[in-house]
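Letter by letter, the chains look like this.
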Amino acid sequence: MGNSKNIVQGDNYRFTLITNKLIRLEYSENGKFEDSPTQVVMNRDLGEVDYKVVDKDGVLEIITDYFHLYYKNGAFSSSNLFIDVKYNFSLYHNRWYYGTVPETLKGTTRTLDRSNGTVKLEEGIISKNGYAILDDSKSFLLDENGDPKPREIQEIDLYYFAYGRNYLEALQDYFRLTGNVPLLPRYALGNWWSRYWKYNEKEYLDLMKRFREEEVPLSVSVIDMDWHITDVPERFGSGWTGYTWNKELFPDPKRFLAKLHEQGLKVTLNVHPADGIRAFEEQYPVVAEKLGLNKELEEPAKFNLADPAFRKVYFEDVHHPLEEEGVDFWWIDWQQGTESGEKGLDPLWLLNHYHYQDVQRKGKNDIILSRYAGPGSHRYPIGFSGDTVISWDSLDFQPYFTATAAN
């Protein structure tokens, strides 16, 4: 929970000052409030805050050097909760009314798949008018093991940022609130080679040789989905999900990966996990045994990272053996839709959360490549934008898109 000295609370409301520019706003019909960390927020105690409280004629006021909050008792609404920010950036826009969405310098979006130019971006936490809102009302909680669990307390749970145009300070406190961005390994800052193409071992190694001859430095080798079997029997459905090397293209995977490592390259493989582990996979017998699946009926191990049993075999019996062969990290492609088996829990967030937890077991600052799964995602992957239409309009938009993601 927040620092107890920074809390102003009534029967159904609770205001927690995080800093003199950041305040948490909660309203609960049953008067119960949530203190656990969430998918977004990790730490609400950033130290004691200097503030004043005025409670007069039924109006509660909370005042710091940077904002002035007004609240009349009752369910939050635009008529009983508003905040003035103490900056002279606008003649008309220094007041936020509950329920309105402040205009910000934008943030990012889940994916640019199939986009052709500009797409709508989510709001960020910095703005020209000096204030912004982060809504954490619907995120899941994290238990002591870091596993998500539903909120038992249904409440309004917002964070009001009043950082003016001190954007760096806003981002620094956002990270103190929500968790730090991991330090990237040096290789991640170099050139990555990625092409959706059905290479074989010789073609790929010849290409890497050509890059060296042309003095084009590379640090990461990205092998797209054709590393695994994609032409699967029709009864299994799509071949997008796969974990079994295509031996026609890569007859000796360990040899291939070792040759890439000899050239100083880190290797990532593309995975589309949505279809789980099916009976044609090399890993299926051990997975089926551990999950009690009917092998005669070719019962698949359905993808469900919310299930601890599936999660255990998914990492230990499918991904870890491939890593032992030489895979350095994973490119988690495709978004698995929006349903996880747990209402409101984003399967993309689950993938990022558990994959990043898993790679940290090595004790190194390892990475994953994946799409954005909402606020808090900065703790996990290097962001993969998705597959845009190849056009000048797409290229024109993407530098702006990359820059605003940092907001």
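From a predicted model like this one, the values you see are computed outputs, not experimental measurements.

A. Quick look at the packing of aromatic side chains. Tallied over the entire structure, the rule returns 36 aromatic pairs. Between phenylalanine 161 and tyrosine 163, the ring centres sit 6.0 Å apart and the planes meet at 40°, which makes this aromatic pair tilted. With respect to burial, phenylalanine 161 and tyrosine 163 carry one shared label: buried. With a centroid separation of 5.2 Å and 65° between ring planes, the pair formed by phenylalanine 236 and phenylalanine 280 is classed as edge-to-face. In this pair, phenylalanine 236 is assigned in the loop between strand S14 (220–223) and helix H3 (253–262) and phenylalanine 280 in the loop between strand S15 (266–271) and helix H4 (284–291), connecting sequence segments 44 residues apart. Accessibility classification places phenylalanine 236 together with phenylalanine 280 in one group, the buried group.

B. Region of interest: the pairing of strand S12 (residues 156–161). With 5 of 6 residues buried, S12 lies mostly within the body of the structure. As paired elements, strand S9 (residues 132–135) and S12 share 4 bridges and run antiparallel to each other. Looking at the pairing, isoleucine 133 lines up with tyrosine 160 of S12.

C. Quick look at the packing of H4 against helix H5 (residues 308–325). Where H4 meets H5, the axes come as close as 10 Å, and the angle between the chain directions of the two elements is 155°. With respect to H5, the axis of H4 lies roughly antiparallel. Regarding H4 and H5, the two cross each other, and that crossing is right-handed. Facing H4, whose interface residues are Val286, Val287, Lys290 and Leu291, H5 presents Ala309, Phe310, Val313, Asp317 and Val318. Looking at the contact of H4 with H5, its residues break down into 7 nonpolar, no polar and 2 charged.

D. Structural view of the side chain of threonine 109. Along the chain, threonine 109 turns up in the loop between strand S8 (95–97) and S9. Its relative accessible area of 15% is what places threonine 109 among the buried residues. Not counting residues up to four positions away in its chain, the partners in contact with threonine 109 are Val119, Lys120, Leu121, Glu122, Tyr372 and Phe401.

E. Inspection of the environment of lysine 52 at higher detail. As for its position among the elements, lysine 52 is in strand S4 (residues 52–56). The exposure class of lysine 52 is exposed, given its relative accessible area of 58%. For the pair lysine 52 and aspartate 65, spaced 13 residues apart in the sequence, the C-alpha separation amounts to 9.6 Å. Setting aside chain neighbours within four positions, we find lysine 52 in contact with Glu61, Ile62 and Ile63.

F. The arrangement of the pattern of salt bridges in detail. Throughout the structure, instances matching the rule amount to 31 salt bridges. One salt bridge connects glutamate 26 with arginine 14, and the closest N-O pair in it is separated by 2.6 Å. Separated by 12 residues along the polypeptide, glutamate 26 in strand S3 (residues 22–27) and arginine 14 in strand S2 (residues 13–19) bring together distant segments of the chain. Ionic pairing is found between arginine 24 and glutamate 26, a salt bridge with its closest N-O pair at 3.3 Å. By the burial criterion, arginine 24 is buried, and glutamate 26 matches it. What you see here is one network of salt bridges that share partners, running through Arg14, Arg24, Glu26, Asp35, Asp136, Arg151, Glu155 and Asp157.

G. Quick look at the pairing of strand S7 (residues 81–85). Here S7 lies mainly inside the structure; 5 of its 5 residues are buried. Where burial is concerned, the two faces of S7 agree: the one with Leu81, Ile83 and Val85 and the one with Phe82 and Asp84 are both buried. Note that strand S6 (residues 67–72) and S7 share 5 bridges and pair antiparallel. Paired with phenylalanine 67 across the bridge in S7 is valine 85. Bridge count for S7 against S8 is 3 bridges, and the pairing is antiparallel. Opposite phenylalanine 82, over in S8, you have tyrosine 97 as the bridge partner.

H. Region of the structure containing the packing of helix H2 (residues 201–213) against H3. In contact at an axis separation of 11 Å, H2 and H3 are set at 0° when each is read in the N-to-C sense. It follows from the interaxial angle that H2 and H3 lie roughly parallel. Between H2 and H3, the contacting residues are Glu201, Tyr204, Leu205 and Met208 on the first element and Arg255, Phe256, Lys259 and Leu260 on the second. For the contact of H2 with H3, the class distribution of residues is 5 nonpolar, no polar and 3 charged.

The rules behind each value
Residues numbered from 1 in each chain as written. Predicted model: local features only at pLDDT ≥ 70, side-chain atom pairs only at ≥ 80, totals over all residues. Heavy atoms only, no water. Phe/Tyr/Trp six-rings, centres within 6.5 Å; stacked < 30°, edge-to-face > 60°. Buried < 20%, exposed > 50% of the residue type's maximum accessible area, 1.4 Å probe, protein only. Helix = DSSP H or I, 4+ residues; strand = E, 2+ residues; numbered from the N terminus. Pairing = 2+ DSSP bridges. Axes fitted to C-alpha atoms, helices over the stretch in contact; angles between N-to-C directions. Parallel < 35°, antiparallel > 145°, perpendicular 65-115°, else oblique. Left-handed = near helix turned anticlockwise from the far one by under 90°. Contact = heavy atoms within 4.5 Å. Nonpolar A, V, L, I, M, F, W, Y, C, P; charged D, E, K, R; others polar. Salt bridge = Lys/Arg side-chain N within 4 Å of Asp/Glu carboxyl O.

It is worth stressing that arrangement in space is one thing and function is another; only the former is reported here.
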